[in-house]
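This is what each chain is made of:
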Protein chains: 2
Amino acid sequence: MTTHGEPGSVGVVATSTVRLFSDSDPLVLVSGATLGPVDVAYETYGTLNADRSNAVFICHALTGDAHAAGFHEGATRPGWWDNLIGPGKPLDTDRFFVISANLLGGCQGTTGPSSENPETGTAYGLDFPLLEVADFVTVHRALLAHLGIDRLLAVVGGSLGGMQALQWSLDHPDELAHAVVVASSSRLTAQNIAFSAVARRAIMADRQFKNGQYAAEGTSPAVGLSIARMMAHITYLSEDAFTEKFGRAPQFETSRRGFGIDFAVESYLDHQGTAFLERFDALSYLYLTRVMDYFDPFSNAGALDRVREHPVRYLVLSFDTDWRFSTEHSLRIVRHLESNRLPVTFRELKSAYGHDSFLLADPAYHATLKAYFDRALEDA
Amino acid sequence: MTTHGEPGSVGVVATSTVRLFSDSDPLVLVSGATLGPVDVAYETYGTLNADRSNAVFICHALTGDAHAAGFHEGATRPGWWDNLIGPGKPLDTDRFFVISANLLGGCQGTTGPSSENPETGTAYGLDFPLLEVADFVTVHRALLAHLGIDRLLAVVGGSLGGMQALQWSLDHPDELAHAVVVASSSRLTAQNIAFSAVARRAIMADRQFKNGQYAAEGTSPAVGLSIARMMAHITYLSEDAFTEKFGRAPQFETSRRGFGIDFAVESYLDHQGTAFLERFDALSYLYLTRVMDYFDPFSNAGALDRVREHPVRYLVLSFDTDWRFSTEHSLRIVRHLESNRLPVTFRELKSAYGHDSFLLADPAYHATLKAYFDRALEDA
């Protein structure tokens, strides 16, 4: 049953944690606010080569974590992007050194709003400062400095991760050669914001949210967080994928009609909403979705000035059935980059599975990534 | 300011209520369950002609009510389909006699799950029987009997109302000449069910829901119901309509970033969620959405047998940006009807506004309806 050690797996891995900023030497955010201490959880796969030219940084999406590949000790399920990262896979760990870290504001080892506020001894809650995508980049650059890496071959991310890859390329283009931006956006639409607004409302209006101090109060906004997750899952799949997976199939052959789980699709959503509670935090959900709402790098005059001087090469990918961040979102990114004469490869991939496709092992998608990474290494 | 009495308005109207079934002579539902007493709230506009051949029945959608046109005494806003119904309008009340009634299971005067259960003296709550679209038809036919009308010129409805129009035509084709089915469906997709499932979860998981006995307990599942409404509103508008109406506009020019209402679209959703609480009931939301989930008339062998013997004429309309019930839903209805050699006129209308378009006064849409109703009256 276990696939530990099989070809293609990086095998057993562990998450490390490092303190990158302290109370006395805090992280300075884009907003001017400071934060310390800041711990960062990360994993690495493969080996850094002698001239340190094979490092690829993985940026996770909204609810991801540092555990992108391989197996934690005793686990039967691998990291969230294990189909991409490993020996012989598109991000071939026999050749690339891959780094993955949990986001600032997250809840999987990196400091976030449910971490202890040193001033109060309880969770920051809503006293945690608001973040921007550029703050994620600042923290991850500090991690790279800690690892002794001053230049990346590539930054790769899907969805919110793609936003980080894009921001990184604009702010520090001299520190990376390639940015791979998958199923992402440079600017949310009103509909995108609307879905996140309802999710946040569900969390914050849950009486157990306690203005963000639920841990100290011994409560949990589990209802709100699970509603948020269930709703988000509807947007992660295409309508056709829902039809193909579930159709109108009943969950039980002999069920009595009612208001429980009558249809298979209801069971799926219920499971997604419940399972999420074990691994994610309501405050992180608020903070990270708000970061996405405000992300709009091209609205800043001069956003592309630096990258025009140190051109990064871009791979921008979208999926034809993704209605959360449709191809139009990717094309907007492409237009901004191309109008600044930056080298961009764009491809819209066919997939039945909507936004979630960026996590799946679609052959054409993975072939595209493999060819791109191979070429990047050759050109390095 | 007031438009009372202006050309095009039916003027001041009032909702009537009639008891159509009693405890001793109850309503028998499709499920076999019985219900009594059953009161029905309704309004009429225009005058029934001498040969009783000009009656048109309006079927409202999920959250509609009997008040389709004109103004309640002292009100400044007219009924929900006032742009369609009135002197000189497509449903010209100088020529048609229009009847509109609140649905069984509703909360605007017709008996529903928050009505008093005569056996307990408190609200039925979840003891209210599950309903089917055919049950709505049964109740409305009883209303017509009460009004002395044994045949309708047309039954007209949008969304859930279109489902009722379709069901009526299949079950009692000898009692109507035309069925007008707008922005509707004969069978929800898994995605459609998913949205409703999350809405119901928000309501039922609200600790104030109290297993449906919130009225007796003095609580209100207001948080859950407003979340349900906010989410539904996202599906009622097209993505382009959201962009056109709100874009990324901030709600306040000088607001501090946070987790409140930062964007105009958040203010819109907040308003929709809050205003809904004043006019709608959480139990009705559960019951009526579940009716839609299970609606699937063509899955019954013989569903079309009666209408083949007494052909009804159909007008089926969809809107190109409606992603709740896309044109594909309407085409499925059309295919079923046409394959049974029934006379169907189908049109996909252009509109920027998505599902909500069926409530709006789009010129091409209203011209289509006007021409259809004029012809129906001529042919009567």
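The model shown is predicted, which means the values in this text are computed figures rather than measured ones.

Thoughts on the overall build of chain A
Counting its secondary structure elements, chain A contains eleven helices and 14 strands. Reported as C-alpha extents along the three principal axes, the dimensions of chain A are approximately 65 × 50 × 45 Å. In chain A, which comprises 380 residues, the proportion classed as buried is 59%. Distance between charge centres in chain A, computed from 30 positive and 45 negative side chains, equals 5 Å.

Focus: the UniProt feature "active site" (unreviewed entry) in chain A
Residues and elements named next belong to chain A. Within this numbering scheme, the UniProt entry marks S159, D322 and H355 as carrying the feature "active site" (unreviewed entry). A stretch of 197 residues holds the annotated residues, and the largest C-alpha distance among them is 10.8 Å, short enough that they meet in one place. In this structure, S159 sits in the loop between β11 (152–158) and α2 (160–171). Those residues in contact with S159 that sit more than four places away from it in its chain are A61, V182, A183, S184, M292, F325, H355 and F358. Locating D322 in the fold gives a position in the loop between β13 (313–319) and α10 (327–338).

Section: the domain arrangement of chain A
Residue and element names in this part refer to chain A. Domain annotation for chain A reports domain 1 (12–189 + 295–379) and domain 2 (192–289). Domain 1 and domain 2 are separated by 25 Å when their C-alpha centres are compared. At the interface, 32 residues of domain 1 touch 30 residues of domain 2. For the pairing of domain 1 and domain 2, the buried interface totals around 2,700 Å² over both sides, and the portion due to carbon and sulfur atoms is 58%. Looking only at domain 1, the three residues that lose the most surface to domain 2 are L62, L126 and W323, adding up to 24% of its buried area. At the junction of domain 1 and domain 2, the tally comes to zero salt bridges. In this structure, the connection of domain 1 to domain 2 is made through 19 residue pairs in polar contact (both at pLDDT 80 or more). Considering only residue class, the side of domain 1 that touches domain 2 consists of 17 nonpolar, twelve polar and three charged.

Comments concerning the pattern of salt bridges
A pair can form between side chains of opposite charge whenever their charged atoms are brought close. On inspection of all chains with the given rule, the structure shows 36 salt bridges over all chains. B:R290 serves as the salt-bridge partner of A:D262, at 3.2 Å between the closest nitrogen and oxygen. Of this pair, A:D262 sits in the loop between α6 (239–245) and α7 (264–277) while B:R290 sits in helix α8 (residues 282–294), placing the two residues on different chains. B:R290 shares its class with A:D262; the two are buried. Bridged by salt links that share partners, the residues A:R200, A:R290, A:D293, B:D262 and B:E266 form one connected network.

Here we look at the state of the cysteines
Residues and elements named next belong to chain B. Inspection of every chain in the model, using the stated rule, returns zero disulfides over all chains. The closest cysteine sulfur to the non-disulfide-bonded C107 is located on C59, 17 Å from its own sulfur. With a relative accessible area of 25%, C107 lands in the partly exposed category.

Focus: the interface of chain B and chain A
Accessible area lost upon the coming together of the parts serves often as the stated size of an interface. Facing 50 residues of chain B, the contacting portion of chain A comprises 50 residues. For the pair chain B and chain A, the summed buried area comes to about 4,800 Å², and 64% of that belongs to carbon and sulfur atoms. The interface formed by chain B and chain A holds twelve salt bridges in total. Where B:D270 meets A:R201, a salt bridge forms, and the shortest distance between an N and an O atom there is 2.7 Å. Summed over the shared surface of chain B and chain A, the number is 20 residue pairs in polar contact (both at pLDDT 80 or more). Elements supplying a minimum of two residues to the side of chain B that touches chain A: α3 (190–204), α5 (222–236), α6 (239–245), α7 (264–277) and α8 of chain B.

Things to note about the UniProt feature "site: Important for acyl-CoA specificity" (unreviewed entry) in chain A
Residues and elements named next belong to chain A. In the numbering used here, UniProt assigns the feature "site: Important for acyl-CoA specificity" (unreviewed entry) to R324. By the secondary structure assignment, R324 is in the loop between β13 and α10. Discounting chain neighbours no more than four positions away, the residues touching R324 are N192, S196, T235, Y236, H329 and H355. In this structure the side chain of R324 is engaged in a polar contact, spanning 3.0 Å, whose partner is the side chain of T235.

Regarding the side chain of A:R200
Take A:R200: it is sitting in helix α3 (residues 190–204). Residue classification places A:R200 among the buried residues on the basis of a relative accessible area of 2%. Separated by 3.0 Å, the side chains of A:R200 and A:T289 make a polar contact. Filtering out sequence-adjacent residues up to four positions away, A:R200 remains in contact with A:L286, A:T289, A:R290, A:D293, B:F259 and B:E266.

Describing the sheet that holds strand β14 (residues 344–349) of chain B
All names here are of chain B. Within the open sheet, the eight strands sit side by side as β2-β5-β10-β6-β11-β12-β13-β14. Their pairing is mixed. Edge positions in the open sheet fall to β2 (16–21) and β14, since each of these has one partner strand only. The mean angle between the axes of side-by-side strands here comes to 20 degrees, regardless of whether they run parallel or antiparallel. Where strand β12 (residues 176–182) and strand β13 (residues 313–319) come together, five bridges link them in parallel fashion. Bridged to H178 within β13 is R313. Contacting β2, β5 (38–45), β6 (55–59), β10 (97–101) and β11 (152–158), helix α1 (residues 133–147) crosses the sheet at an angle of about 110 degrees to β2. Relative to β13, helix α11 (residues 363–379) is tilted by about 175 degrees, and along the sheet it contacts β11, β12, β13 and β14.

Things to note about the relation of the copies chain B and chain A
The operation relating chain B to chain A is a screw motion whose rotation component is 180 degrees, with 0.0 Å of axial translation and a residual RMSD of 0.0 Å. The operation mapping one copy onto its partner corresponds to a two-fold rotation axis. When the interface residues of chain B are mapped onto chain A, 100% of them are again interface residues, pointing to one common binding face.

Things to note about the packing of aromatic side chains
Scanning the entire structure with this criterion turns up 38 aromatic pairs over all chains. With 6.0 Å between their ring centres and 40 degrees between their planes, A:F242 and A:F246 make a pair best called tilted. Between B:W80 and B:W81, the ring centres sit 5.2 Å apart and the planes meet at 20 degrees, which makes this aromatic pair stacked. Residue B:W81 is classed as buried on the basis of its relative accessible area, which comes to 0%.

About the cut-offs
Residues numbered from 1 in each chain as written. Chains lettered and ligands numbered in written order. Predicted model: local features only at pLDDT ≥ 70, side-chain atom pairs only at ≥ 80, totals over all residues. Heavy atoms only, no water. Helix = DSSP H or I, 4+ residues; strand = E, 2+ residues; numbered from the N terminus. Buried < 20%, exposed > 50% of the residue type's maximum accessible area, 1.4 Å probe, protein only. Lys, Arg positive; Asp, Glu negative; His and termini not counted. Charge placed at Lys NZ, Arg CZ, Asp CG, Glu CD. UniProt positions renumbered as here; feature names shortened; annotations may be inferred. Contact = heavy atoms within 4.5 Å. Domains from an automatic or database assignment. Buried area = accessible area lost by both parts, 1.4 Å probe. Salt bridge = Lys/Arg side-chain N within 4 Å of Asp/Glu carboxyl O. Polar contact = N/O pair within 3.5 Å; in protein donor to acceptor, adjacent residues only side chain to side chain. Nonpolar A, V, L, I, M, F, W, Y, C, P; charged D, E, K, R; others polar. Disulfide = S-S within 2.5 Å. Pairing = 2+ DSSP bridges. Axes fitted to C-alpha atoms, helices over the stretch in contact; angles between N-to-C directions. Least-squares fit on C-alpha atoms with pLDDT ≥ 70 in both. Phe/Tyr/Trp six-rings, centres within 6.5 Å; stacked < 30°, edge-to-face > 60°.

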